Amino acid sequence: MSTKLIPSSQPQLSDLDKPLYSPIKRRSFFMYAGATAGATALVLAGCSKSDSTPGTVNVGSGDPGVLNYAYALEQLEAGFYTSLRMGTYYTGLQPGSAEKQILDDLYYHEVIHRDFLKTAITAAMATPIKALTPDFSKINFNDRTSVLGTAKAFEDLGVAAYNGAGQYISSPTYLYIAGKIVSVEARHAAIIRDLVSENTFVGNDIITLTSGSNSSVATNNSDANSSLERSMSPSEVVAIANTFLAEGSKLDVSGIK
Amino acid sequence: MNFFQIISEIEKVDPEVYDRLDSRRSVFKNMTGLGQKLAAAAVPLAVGAIFNKAYAQTPVGATVNDVLNFALKLEYLESYFYNSRTTVTGLSAQNSAALALIATDEANHVSFLRKVLGSNAIPVPATTGVFDYTAKGTFPTALTNAGVYLALAQSFEDTGVRAYKGAAPLVMSNKTVLTAALNIHSVEARHASHIRAMRRAGVNSAAPSQGIAVAPYSGPAGAPKSWISGTDGGGAVPGTTDAIYGAGNNTNALSGITYESEATTSQGGVNLVTNTTVSGFPASAFSEAFDEGLDVGTVAKIANLFSVSGNYFG
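Residues numbered from 1 in each chain as written. Chains lettered and ligands numbered in written order. Predicted model: local features only at pLDDT ≥ 70, side-chain atom pairs only at ≥ 80, totals over all residues. Heavy atoms only, no water.

Caption draft 1: Layout of the overall build of chain A. For chain A, the count of helices and strands is 8 helices and 2 strands. Listed by position from the N terminus, the elements making up chain A come as α-α-β-α-α-α-α-α-α-β. Looking at chain A residue by residue over its 257 residues, the buried ones come to 56%. Nonlocal contacts in chain A, meaning residues at least 24 apart in sequence, comprise 68% of its contacts between residues at least 6 apart. (Helix = DSSP H or I, 4+ residues; strand = E, 2+ residues; numbered from the N terminus. Buried < 20%, exposed > 50% of the residue type's maximum accessible area, 1.4 Å probe, protein only. Contact = heavy atoms within 4.5 Å.)

Have a look at this one:
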């Protein structure tokens with residue numbers, strides 16, 4: 001069995017960094033859905049619940065659902081590191097300084113992750129969710145504390161999200177790829193936390209040191225003094241992620257289970 | 001996709017796969033001729049369903065325990081190493097404090113894995129006579145010289161990250177074990193990132209986050225990034241640590257899994273360089289964005305450099 005997700009002739013996709021501002025109109029959605037019985041069945045198969053919250057983006061179910069969930073989070077991270085490059089905190093960094101080196105690399109890595117996942121989802125014969133519109137209005141891109149504090153939140157959230165979603169992946173290939181991304185996110189998280197405050201690369205807020213984990217991740221009830229990452233369930237993650245997404249781009253992960 | 005190839009691959013790590021799939025194992029083995037004709041088109045969808053069912057019910061079996069015991073051996077290698085940090089000279093107070101934090105985590109991982117394994121856990125290795133951090137004299141100042149000590153720490157952490165990553169698909173059958181392994185994996189990656197920051201800023205720095213990375217990042221005095229760039233110039237001790245960043249052995253790998261070098265810029269058949277929609281990224285970014293896993297055999301070979309017997313890790 002080949003490890004290839006796509007044939008090498010896959011056409012390149014070029015619209016990834018352009019948010020989709022116009023949601024699919026309800027009328028046209030039903031037009032497509034009603035076209036044939038087969039199409040209706042496909043649409044229903046892609047919906048985990050008939051009562052998904054209107055105006056939200058449903059990531060779907062099964063392995064494609066987890067991939068879309070990851071794609072959503074990578075869109076958020078890539079959007080954040082793209083936006084921060086316009087702020088005066090970043091533009092004021094000395095060329096060759098540690099912080100500029102680090103923030104440049106994080107921008108590259110997250111854009112690469114985002115674009116990879118979109119291609120991987122297409123290759124899995126699934127439909128990638130739309131380009132999400134972020135809401136970064138709470139972030140002051142001219143302020144180091146605001147930028148690094150948000151970077152820390154996103155990176156820690158990303159690690160907790162990938163770890164918590166691993167159990168919902170059924171393909172070893174996708175699990176392995178998720179593992180390849182999550183350790184890079186953890187490397188990011190550690191250095192960003194150190195930039196915020198030296199030697200906070202680990203701490204009880206993110207790993208089980210002085211208290212155990214009470215996450216709703218079904219298989220993650222580790223005790224104090226075990227030094228395990230506090231992974232989070234998809235619903236716990238999107239409760240945070242949605243505060244950085246605009247109306248119409250908020251995520252529904254109820255299909256991942 | 002070849003269905004029987006997949007089962008054959010799984011059988012290498014799980015000899016009871018046929019029993020899991022169907023107690024009438026001969027039925028499965030004997031339908032090969034027909035099955036291969038079906039495999040290309042019809043079987044793939046069914047494969048997922050069969051395996052989900054077969055493995056969802058699997059208790060912690062011998063294979064999962066073997067993987068966990070191997071992880072436990074690596075945690076002992078790390079834990080005893082960090083417990084020896086007090087003989088190292090030349091570290092800043094900041095860096096000594098960081099090593100104490102890491103020592104706590106590794107000791108916690110040891111006790112966590114022992115608890116999960118229960119009576120199936122390996123015997124506790126003796127604190128002397130099992131591990132040799134000088135690697136038979138290659139690093140005579142391993143536990144005294146701060147630069148050498150951190151070079152080894154980075155090597156152990158990067159190896160640990162690759163080991164857990166490579167083993168994760170082997171413990172998928174047990175969701176609790178999988179989640180725990182992932183939750184250790186990311187903590188090892190955090191350690192690796194910080195050790196690399198310490199090396200970048202210098203052993204006696206009070207601000208390890210502010211070091212400047214300098215290519216090719218290698219050598220005991222190297223200034224690596226917090227992530228692995230290409231093969232990192234052979235790692236902290238080129239000539240000895242190269243294998244930590246190289247390709248693994250795919251002979252017994254699960255179908256769909258290959259252990260690539262850290263320098264790879266292709267993931268799942270996707271060429272990251274041409275797939276990325278923003279132009280102008282440095283070539284190094286594409287290998288850095290993804291870490292790679294390693295097979296148990298290759299990890300054992302690396303870790304055995306630090307085994308007195310030469311084969312503690314199998």
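We are not done yet, so read on.
Caption draft 2: Geometry of the overall build of chain B. Each helix and strand in chain B was counted, giving 12 helices and 2 strands. N-terminal to C-terminal, the α/β element order of chain B is α-α-α-α-α-α-α-α-α-β-β-α-α-α. Looking at the 314 residues of chain B, the share that counts as buried comes to 57%. Counted over contacts in chain B with a minimum sequence separation of 6, partners at least 24 positions apart contribute 70%. Counting every atom, chain B has about 11700 Å² of accessible surface; 58% of that belongs to carbon and sulfur. (Areas by Shrake-Rupley, 256 points an atom, 1.4 Å probe, with all protein chains shown as cover.)

Caption draft 3: View of the nonpolar core. Core analysis: the largest hydrophobic core is formed by 150 residues, its most contacted members being Tyr69(A), Phe80(A), Leu103(A), Leu251(A), Tyr82(B), Phe131(B) and Phe313(B). With near-sequence residues (within four places) excluded, Tyr82(B) lies in contact with Leu99(B), Ile102(B), Ala103(B), Glu106(B), Tyr149(B), Ala153(B), Glu157(B) and Ile195(B). If you look at the next biggest cluster of nonpolar residues, it comprises 5 residues, including Tyr176(A), Ala253(B), Ile257(B) and Tyr259(B). (Core = buried A, V, L, I, M, F, W, Y, C linked by side-chain atoms within 4.5 Å.)

Caption draft 4: Structural detail: helix 3 (residues 62-84) of chain A. Helix length check: helix 3 of chain A, at 23 residues, gives a terminal C-alpha distance of 34 Å against a target of 33 Å (1.5 Å per residue), a fit within 8%. Of all 23 residues making up helix 3 of chain A, 19 are buried, and the element is well covered by its neighbours. (Expected span 1.5 Å × (residues − 1).)

Caption draft 5: Just the interface of chain A and chain B, in detail. If you look at the interface, chain A gives 74 residues, while chain B gives 81 residues. Inspection of the region where chain A meets chain B yields 7 salt bridges. For Asp105(A), the salt bridge is made with Lys225(B), and the minimal N-O distance between the two is 3.0 Å. Counting residues per element, the ones that place at least two in the side of chain A that touches chain B are helix 5 (98-123), helix 6 (144-165) and helix 7 (172-196) of chain A. At 20 residues, the largest contribution of residues to the side of chain A that touches chain B is made by helix 7 of chain A. In terms of residue class, the side of chain A that touches chain B is built from 34 nonpolar, 25 polar and 15 charged. (Salt bridge = Lys/Arg side-chain N within 4 Å of Asp/Glu carboxyl O. Nonpolar A, V, L, I, M, F, W, Y, C, P; charged D, E, K, R; others polar.)

Caption draft 6: Local environment of the packing of aromatic side chains. Applying the stated criterion to the full structure yields 27 aromatic pairs over all chains. Relative to Phe131(B), the ring of Tyr80(B) lies with its centre 5.8 Å away and its plane at 70°, an arrangement referred to as edge-to-face. Note that Tyr80(B) is positioned in helix 6 (residues 62-83) and Phe131(B) in the loop between helix 7 (93-117) and helix 8 (146-167), a separation of 51 residues in sequence. Judged on exposure class, the residue Tyr80(B) and its partner Phe131(B) are both buried. The aromatic ring of Phe244(A) is capped on one face by Lys138(A), whose charged end is 5.1 Å from the ring centroid. For the cation-ring pair, Lys73(B) lies above Tyr312(B), with the distance from its terminal atom to the ring centre recorded as 5.0 Å. (Phe/Tyr/Trp six-rings, centres within 6.5 Å; stacked < 30°, edge-to-face > 60°. Lys NZ or Arg CZ within 6 Å of the ring centre and 35° of its normal.)

Caption draft 7: Spatial organisation of the pattern of salt bridges. Applying the stated criterion to the full structure yields 17 salt bridges over all chains. The residue Arg114(A) makes a salt bridge to Asp115(A) at a minimum N-O spacing of 3.0 Å. Judged on exposure class, the residue Arg114(A) and its partner Asp115(A) are both buried. Note that Asp291(B) is salt-bridged to Arg187(A), the shortest N-O span being 2.9 Å. Taken as a pair, Asp291(B) in the loop between helix 11 (284-288) and helix 12 (296-303) and Arg187(A) in helix 7 lie in two separate chains rather than in one.

Caption draft 8: Seen up close, the side chain of Ser222(A). All names here are of chain A. In this fold, Ser-222 is placed in the loop between helix 7 and helix 8 (234-241). A relative accessible area of 7% means that Ser-222 is categorised as buried. When sequence neighbours within four positions are dropped, the list of residues in contact with Ser-222 reads Thr-208, Gly-212, Ser-213 and Leu-228.

Caption draft 9: Representation of the confidence of the model for chain B. Residues and elements named next belong to chain B. Here chain B shows a mean pLDDT of 85. Residues at 70 or above account for 80%. Across residues 14-61, where pLDDT falls below 50, the model places 52 contacts with residues more than four positions away in sequence or in other chains. At the level of chain-chain contacts, confidence expressed as ipTM amounts to 0.82, with global pTM at 0.83. (pLDDT = per-residue confidence, 0-100.)

Caption draft 10: Looking closely at the confidence of the model for chain A. Per-residue pLDDT for chain A averages 84, and the proportion of residues at 70 or more is 78%. Low pLDDT, under 50, characterises residues 7-51 of chain A; the stretch is placed with 40 contacts to residues that sit more than four places away or in other chains.

Caption draft 11: How the structure looks around the side chain of Glu110(A). All names here are of chain A. Looking at the secondary structure, you find Glu-110 in helix 5. Among buried charged residues, Glu-110 stands out as having no salt bridge; its nearest opposite-charge side chain is Arg-114, 9.4 Å away. There is a polar contact of 3.1 Å between the side chain of Glu-110 and the side chain of His-188. In this structure Glu-110 touches Glu-74, Glu-77, Ala-78, Tyr-81, Glu-155, Glu-185 and His-188, once residues within four positions along its chain are discounted. (Lys, Arg positive; Asp, Glu negative; His and termini not counted. Polar contact = N/O pair within 3.5 Å; in protein donor to acceptor, adjacent residues only side chain to side chain.)

Caption draft 12: Focus on the environment of Ala178(A). Residues and elements named next belong to chain A. In this fold, Ala-178 is placed in helix 7. Separated by 112 residues in sequence, Ala-178 and Val-66 have C-alpha atoms that sit 9.8 Å apart. With residues up to four places along the chain from it excluded, the contact list for Ala-178 reads Tyr-162 and Ile-169.

Caption draft 13: Highlighting the packing of helix 5 of chain A against helix 6 of chain A. Residues and elements named next belong to chain A. Between helix 5 and helix 6, the least distance of the axes is 13 Å, while the angle of their chain directions is 40°. Considered as vectors, helix 5 and helix 6 are oriented oblique to each other. Crossing geometry of helix 5 relative to helix 6 is assigned as left-handed. On helix 6, the residues touching Glu-99, Leu-103, Leu-106, Glu-110 and Leu-117 of helix 5 are Arg-144, Leu-148, Glu-155 and Tyr-162. The residue inventory of the contact of helix 5 with helix 6, partitioned by class, reads 5 nonpolar, no polar and 4 charged. (Axes fitted to C-alpha atoms, helices over the stretch in contact; angles between N-to-C directions. Parallel < 35°, antiparallel > 145°, perpendicular 65-115°, else oblique. Left-handed = near helix turned anticlockwise from the far one by under 90°.)

Caption draft 14: Focus on unusual backbone geometry. Omega for the bond connecting Ala215(B) with Pro216(B) falls within 30 degrees of zero, at 5°, which places this linkage in the cis form. Notably, Asn199(A) is not glycine yet its phi reads approximately 65°, a positive angle. By the secondary structure assignment, Asn199(A) is in the loop between helix 7 and helix 8. Located in the positive-phi region is Asp232(B), a residue other than glycine, with phi close to 55°. By the element assignment, Asp232(B) lies in the loop between helix 9 (175-201) and strand 1 (266-267). A relative accessible area of 1% places Asp232(B) in the buried class.

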